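# Commentary on secondary and tertiary structure
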Amino acid sequence: MNSFNFLGSEETIFSNPDALDPDFIPKLLPHRENEQQFVATAIKPLFHGRTGISLIVSGPSGVGKTVSVKRVVMDLEEHEEADNIAKINVNCWKANTTYKVLQEISLQLGLRFIQNLKTNELINKVMDRLKQYDGIVIVLDEADKAGDTDFLYHLLENIKKRTIILLTNEPNLNAKLDYRIVSRLTPENLEFKSYTRAETFDILKERIKYAFYQGTWNDNAFEKLANVASGYKDIRIGLTLLKISGELAEQDSTKKITLEHVETAIQRIGNIKPAAVNKTFKVEEKLVLEICETHSGKTTGELYKEYKIARGKKSEKTFKRTLNSLEKKRLIKLKPTGEGFQGRSSIINYLGPERKLTDF
Ligand SMILES: Nc1ncnc2c1ncn2[C@@H]1O[C@H](COP(=O)(O)OP(=O)(O)O)[C@@H](O)[C@H]1O
Ligand SMILES: [Mg+2]
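### Overview of helix α15 (residues 316-328)
Compared with the 18 Å implied by 1.5 Å per residue over 13 residues, the 19 Å span of α15 between its first and last C-alpha is a close match. If you check which residues of α15 are buried, you get Phe319, Thr322, Leu323 and Leu326. In an axial view of α15, the angular spread of the buried residues amounts to 105°, which keeps them on one side of the axis. Pointing more than 90 degrees away from the buried face of α15 are the exposed residues Lys317, Arg321 and Lys328. Where the residues of α15 are buried, they touch α13 (283-294), α14 (300-309), β6 (332-336) and β7 (346-350).

Next up, the structure:
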């Protein structure tokens, strides 16, 4: 090894570590130019006082749905015509009730004194404010996770100059939405396909320019990383591997990221399941698994109570079937207690860890 390849204690190989954060929004998104154009076209009529086109944006996880739509909405800032257009982004996984969605919208609009309002009052207040704009662009991310969609109905009824963009991993969200909503929304569909291997290479190569000093990556190290990342079909995995590999090189005090660093990084994320496995993991299973994790060691009956509290809607029978399928996937363990109705009660132990990317 060349002795000048060592990093000084104050030195770093990251020119901008933030560029590897999950929330970082690059200016240019390679291979999503057409999709971004489609979104921009849906918003454009608002510039001229007309109503916009609403969209359902679908596609698997990690293919750039969120980042592409956010980038287009951010780019509106550069257009004078969009000055009086409200730009709202709500994650329906985090805000999963009508009340919470409205609270989030209020926050983004800078509405005050909303703490003690009843749902109806909050609806009126938000709608009155929205009507003051020339148009609204509202992005509802993870729309398939919304617990109820009443807020959408109110938006559709009250606000005429609008582009509503629903983002979803579920391929046929349209079929799941209430008829009252679909008939008013009349959305166009925009599907994001998985990136090819070559596209994954380009995207990660481009991100390296944002995040690392020049010349830090060995070609064979990058190639290995990009190959593995493209197998996962989720750019997030690639970004996580870039970050861990860089940190490992820094721990070694070297200026070069080598194949060895990348291989260690790959081992570290070894427990993350590829997208293909994730796809078979249903929303219902996710909810039940979360409950098993929080209440590990309790009985089936106790867990079912927690499930109802968490707004689970399925019968106890279906709930038990879900437990069985989680056991088959080795995420939980059922231990019969020999008690309960016909001796069918079990103690549930959460096995996990189904490691998440955010664990790194
Ligand atoms: N074309 C692209 N160019 C640059 N970064 C991308 C691209 N597509 C996805 N990413 C990055 O990959 C990660 C996952 O993208 P995201 O938009 O959150 O996916 P999705 O919403 O489809 O699950 C984000 O950190 C995002 O910045
Ligand atoms: Mg997303």
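### Remarks on the nonpolar core
Residues Val39, Ile43, Ile165, Leu204, Phe212, Trp217 and Leu242 are the most contacted members of the largest nonpolar core, which totals 52 residues. Top contributing element to this core by residue count: helix α10 (residues 235-251), with 8 residues. Here this core gathers at least three residues from each of two domains, domain 1 (3-14 + 198-272) and domain 2 (33-191). Once residues within four sequence positions are removed from consideration, tryptophan 217 is found in contact with Ile208, Phe212, Phe222, Leu225, Leu242, Ser245, Lys256, Ile257 and Val262.

### Thoughts on the sheet that holds strand β5 (residues 188-191)
With respect to topology, 5 strands assemble into an open sheet ordered β2-β3-β4-β1-β5, the strand pairing being parallel. The outermost strands of the open sheet, each flanked by one partner alone, are β2 (85-91) and β5. With strand direction ignored, the average angle separating the axes of adjacent strands in the sheet is 15°. Here helix α2 (residues 65-75) sits on the sheet and contacts β1 (55-58), β2, β3 (135-141) and β4 (162-168); the angle it forms with β4, its principal contact strand, is near 160°. Across the face of the sheet, helix α3 (residues 98-109) comes into contact with β2 and β3 while running at roughly 140° to β2.

### Remarks on empty space enclosed by the protein
All told, the structure shown has 1 cavity of 30 Å³ or more when counted by the stated rule. Taken as a whole, the largest cavity spans an internal volume of roughly 40 Å³. In terms of lining residues, the largest cavity is bounded by Gly62, Val63, Tyr195, Thr200, Ala229, Ser230, Lys233, Asp234 and Ile235.

### Here's the deal with the site of ligand 1
Looking at ligand 1, there are 19 residues lining it, with Pro30, Gly62, Lys65, Thr66 and Tyr195 nearest. Within the side chain of threonine 66, an N or O atom sits 2.8 Å from an oxygen atom of ligand 1. Within the contact set of ligand 1, a nitrogen atom lies 2.7 Å away from a side-chain nitrogen or oxygen of tyrosine 195. Protein burial of ligand 1: of its 550 Å² of free accessible surface, 95% is covered by the chains. Counting only elements with at least two residues in the shell around ligand 1, the list comes to α2, α8 (197-211) and α10. Of the residues assigned to the shell around ligand 1, the class counts are 11 nonpolar, 4 polar and 4 charged.

### Some thoughts on a negative patch on the surface
Taken together, the side chains of Glu77, Glu80, Glu81 and Asp83 define an acidic patch exposed on the protein surface. Looking at the secondary structure, you find aspartate 83 in the loop between α2 and β2. The exposure class of aspartate 83 is exposed, given its relative accessible area of 55%.

### A short note on the packing of α14 against α15
Between α14 and α15, the shortest axis-to-axis distance is 11 Å and the interhelical angle comes to 110°. Considering the angle they form, α14 stands roughly perpendicular to α15. Residues Thr300, Gly301, Leu303, Tyr304 and Tyr307 of α14 form the contact with α15, whose own contacting residues are Glu316, Phe319, Lys320 and Leu323. Residue classes in the contact of α14 with α15 are distributed as 5 nonpolar, 2 polar and 2 charged.

### Side note on the side chain of serine 245
Of note, serine 245 is situated in helix α10. A polar side-chain atom of serine 245 sits 2.6 Å from the main-chain carbonyl oxygen of leucine 241. Every residue in contact with serine 245, bar those within four places of it in the chain, is listed here: Trp217, Leu225, Ile257, His261, Val262 and Ala265.

### With respect to the environment of leucine 20
Within the secondary structure, leucine 20 is located in the segment before α1 (33-43). The spacing of leucine 20 and alanine 265 is 245 residues in sequence and 15 Å in space, taken between C-alpha atoms. Not counting residues within four places of it along the chain, the set of residues in contact with leucine 20 comprises Phe14, Arg207, Ala211, Phe212, Leu239, Leu242 and Lys243.

### Section: the side chain of glutamate 35
Here glutamate 35 lies in helix α1. Of the polar contacts made by the side chain of glutamate 35, one reaches the side chain of arginine 32; its length is 3.1 Å. Beyond its immediate sequence surroundings of up to four residues, glutamate 35 is in contact with Leu190 and Phe192.

### What about the packing of aromatic side chains?
In this structure the tally under the stated criterion is 8 aromatic pairs. Relative to phenylalanine 222, the ring of tryptophan 217 has its centre 6.4 Å away and its plane inclined at 85°; by these criteria the two rings are edge-to-face. Ring geometry for tyrosine 304 and tyrosine 307: centres 5.6 Å apart, planes at 25°, overall stacked. Here the residue tyrosine 304 and the residue tyrosine 307 both occupy positions in helix α14, the gap between them amounting to 3 residues, near one helical turn. Three or more aromatic residues joined by ring pairs form one cluster here, namely Phe14, Phe201, Phe212, Trp217 and Phe222. Sitting over the face of the ring of tyrosine 153, arginine 180 holds its NZ or CZ atom 4.2 Å from the ring centroid.

Thresholds, definitions, all that
Residues numbered from 1 in each chain as written. Chains lettered and ligands numbered in written order. Predicted model: local features only at pLDDT ≥ 70, side-chain atom pairs only at ≥ 80, totals over all residues. Heavy atoms only, no water. Helix = DSSP H or I, 4+ residues; strand = E, 2+ residues; numbered from the N terminus. Expected span 1.5 Å × (residues − 1). Buried < 20%, exposed > 50% of the residue type's maximum accessible area, 1.4 Å probe, protein only. Arc of directions from axis to C-beta. Contact = heavy atoms within 4.5 Å. Core = buried A, V, L, I, M, F, W, Y, C linked by side-chain atoms within 4.5 Å. Domains from an automatic or database assignment. Pairing = 2+ DSSP bridges. Axes fitted to C-alpha atoms, helices over the stretch in contact; angles between N-to-C directions. 1 Å grid on protein atoms, 1.4 Å probe; cavity = no way out; pocket = protein on both sides within 12 Å on 5 of 7 lines; lining within 4 Å. Points joined across faces, edges and corners; volume = space filled by probe spheres on them. Near = heavy atom within 4 Å. Polar contact = N/O pair within 3.5 Å; in protein donor to acceptor, adjacent residues only side chain to side chain. Areas by Shrake-Rupley, 256 points an atom, 1.4 Å probe, with all protein chains shown as cover. Nonpolar A, V, L, I, M, F, W, Y, C, P; charged D, E, K, R; others polar. Patch = residues over 30% accessible without salt bridge, like charges linked within 9 Å, V, L, I, M, F, W, Y side chains within 5 Å. Salt bridge = Lys/Arg side-chain N within 4 Å of Asp/Glu carboxyl O. Lys, Arg positive; Asp, Glu negative; His and termini not counted. Charge placed at Lys NZ, Arg CZ, Asp CG, Glu CD. Parallel < 35°, antiparallel > 145°, perpendicular 65-115°, else oblique. Phe/Tyr/Trp six-rings, centres within 6.5 Å; stacked < 30°, edge-to-face > 60°. Lys NZ or Arg CZ within 6 Å of the ring centre and 35° of its normal.

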